[in-house]
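As a plain string of letters, each chain reads:
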Amino acid sequence: MTIGALIGALVSGTTADLIGRRCTFWIVDIFYIMGWLAIIFSKSVWLLDFGRLSLGLGIGLTSFVGPVYLAEITPKNLRGGFMIIAESMASYGTSLSFLIGSFISWRMLAIIGCIPCLLLLLCLFFIPESPRWLAKIGKEREFEAALQRLRGQNADTSHEASEIKDYLENLQKISDDKILNLFQQKYVHLVIVGVGLMVVQGLGGLYGFTFYMSEIFDSAGISSTVGFMAVAILQIPATVLGASLIDKFGRRTLLMASAFGECLGCFLTGLSFVMQDHNWWKEVSPILALIGVLVYLGSYSFGMGGIPWVIVSEIFPINVKGSAGTLCNFVSWSCSWVVSYTFNFLFEWSSAGTFFIYSSICGFGVLFVAKLVPETKGRTLEEIHASMTNILQ
């Protein structure tokens, strides 16, 4: 799956820029449906692998086009909340999978996984294209119609439309969307922020926790079913909390709190294995491991899970958004692949050491956000880009 996501990430920006955000969603949904059908009807391992690869391709594309589309269609005062709610659907899906998967077969779980993909297929007939993308390719009439539809038939969109068009005209005089343009001096800080957030998010251990949760619970002496149910119950309120606070306290504050919580969760999980290895407080160590996992996943859900994608979709101007999104997306899934591939080797080397490594990465994340990540709440995309790159001055 992570290999498929890497491939999807590499073509995500180019695809979304060439054929549009809405058409990219059609391609995404085809990959999802193909993947689940391959898993449902698999009679051998290769078809299971093909299904996972296809799902990964869809996920890699979604990771870019989903946040970008939402950032481009929502008003500035609602953008953060809308995007974190959308990103939180991944947490809800994971929670439901953990919960339902504890009681049914994997093939039945794959059938259930097909349902939201079919719903998306129907909903795509009713969503508009991104107004900013339409403006970028010169479809002025369609741009104005899409913006009016999104804001309401009686809303006055003249000021917003004028601001978007003026900004895009200035951008088009400067440069095309090429990967090398990202390394101009005015974009270096943005690239450091975007790539750095993806590294912290990806190497912080999420796929170690989610892909190998059964092994973690079994090694800690906890019932996997109990652990899965606890995780499923926790993730939903944690995500709702993040969605309700992001436009009130801002991206930076929630990111730092989330990264600190991840750091603490990894530390507690590692500490539980230290206690287990030395036969200290045998009755306490399983409870401490469960608390550590819950603290980590709860902290991830309300901040580090969705907000890095929110920020990446906000900070890059549309003239380099495709290349920037491809780069950040690729880095994210590369780091996720590294964690998912190395977790078993690290866990055999040292159960405690594995989680202390993740804890140190998350701790670095707190410092990284505090020093380098800008606050973007309450500003239009055009205001954010102008203030960070000075391209309108």
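Anyway, here's the lowdown on the structure attached to this text. For clarity, every value in this text was computed on a predicted model and none was experimentally measured. (Residues numbered from 1 in each chain as written. Predicted model: local features only at pLDDT ≥ 70, side-chain atom pairs only at ≥ 80, totals over all residues. Heavy atoms only, no water.)

Observations regarding the nonpolar core
Step number 1: Residues Leu 197 and Phe 316 are the most contacted members of the largest nonpolar core, which totals 65 residues.
Step number 2: Those residues in contact with Leu 197, other than ones at most four positions away along the chain, are Leu 255, Pro 308, Ile 311, Phe 368, Val 369 and Val 373.
Step number 3: Judged by nonpolar contacts, the second largest core, of 14 residues, contains Ala 16, Val 68, Tyr 69 and Val 310. (Core = buried A, V, L, I, M, F, W, Y, C linked by side-chain atoms within 4.5 Å. Buried < 20%, exposed > 50% of the residue type's maximum accessible area, 1.4 Å probe, protein only. Contact = heavy atoms within 4.5 Å.)

Regarding the environment of Leu 254
Step number 1: As for its placement among the helices and strands, Leu 254 is situated in helix α13 (residues 251-277).
Step number 2: When its relative accessible area of 5% is taken as the criterion, Leu 254 is described as buried.
Step number 3: For the pair Leu 254 and Phe 25, spaced 229 residues apart in sequence, the C-alpha separation works out to 29 Å.
Step number 4: With residues near it in sequence (within four places) discarded, Leu 254 still touches Gly 242, Leu 245, Ile 246, Phe 302, Gly 303 and Ile 307. (Helix = DSSP H or I, 4+ residues; strand = E, 2+ residues; numbered from the N terminus.)

As for the packing of helix α4 (residues 79-101) against helix α12 (residues 224-249)
Step number 1: Their axes nearest at 9 Å, the elements α4 and α12 cross at an angle of 180 degrees. As far as their axial angle goes, α12 and α4 are roughly antiparallel. Only Phe 228, Met 229, Val 231, Ala 232, Gln 235, Ile 236, Thr 239, Val 240, Gly 242, Ala 243, Ile 246 and Asp 247 of α12 make contact with α4, whose side of the interface consists of Arg 79, Gly 80, Gly 81, Ile 84, Ile 85, Ser 88, Ser 91, Tyr 92, Thr 94, Ser 95, Phe 98 and Leu 99.
Step number 2: Grouping the constituent residues of the contact of α4 with α12 by class yields 13 nonpolar, nine polar and two charged. (Axes fitted to C-alpha atoms, helices over the stretch in contact; angles between N-to-C directions. Parallel < 35°, antiparallel > 145°, perpendicular 65-115°, else oblique. Nonpolar A, V, L, I, M, F, W, Y, C, P; charged D, E, K, R; others polar.)

Topic: helix α16 (residues 321-349)
In an α-helix, one full turn covers 3.6 residues, which means residues spaced three or four apart are oriented alike.
Step number 1: The terminal C-alpha atoms of α16 lie 41 Å apart, and with 29 residues this matches the ideal 42 Å at 1.5 Å per residue to within 8%.
Step number 2: Along α16, the sharpest change in direction is near 45 degrees and occurs at Thr 342. (Expected span 1.5 Å × (residues − 1). Bend = angle between axes of the 7 residues up to and from the residue.)

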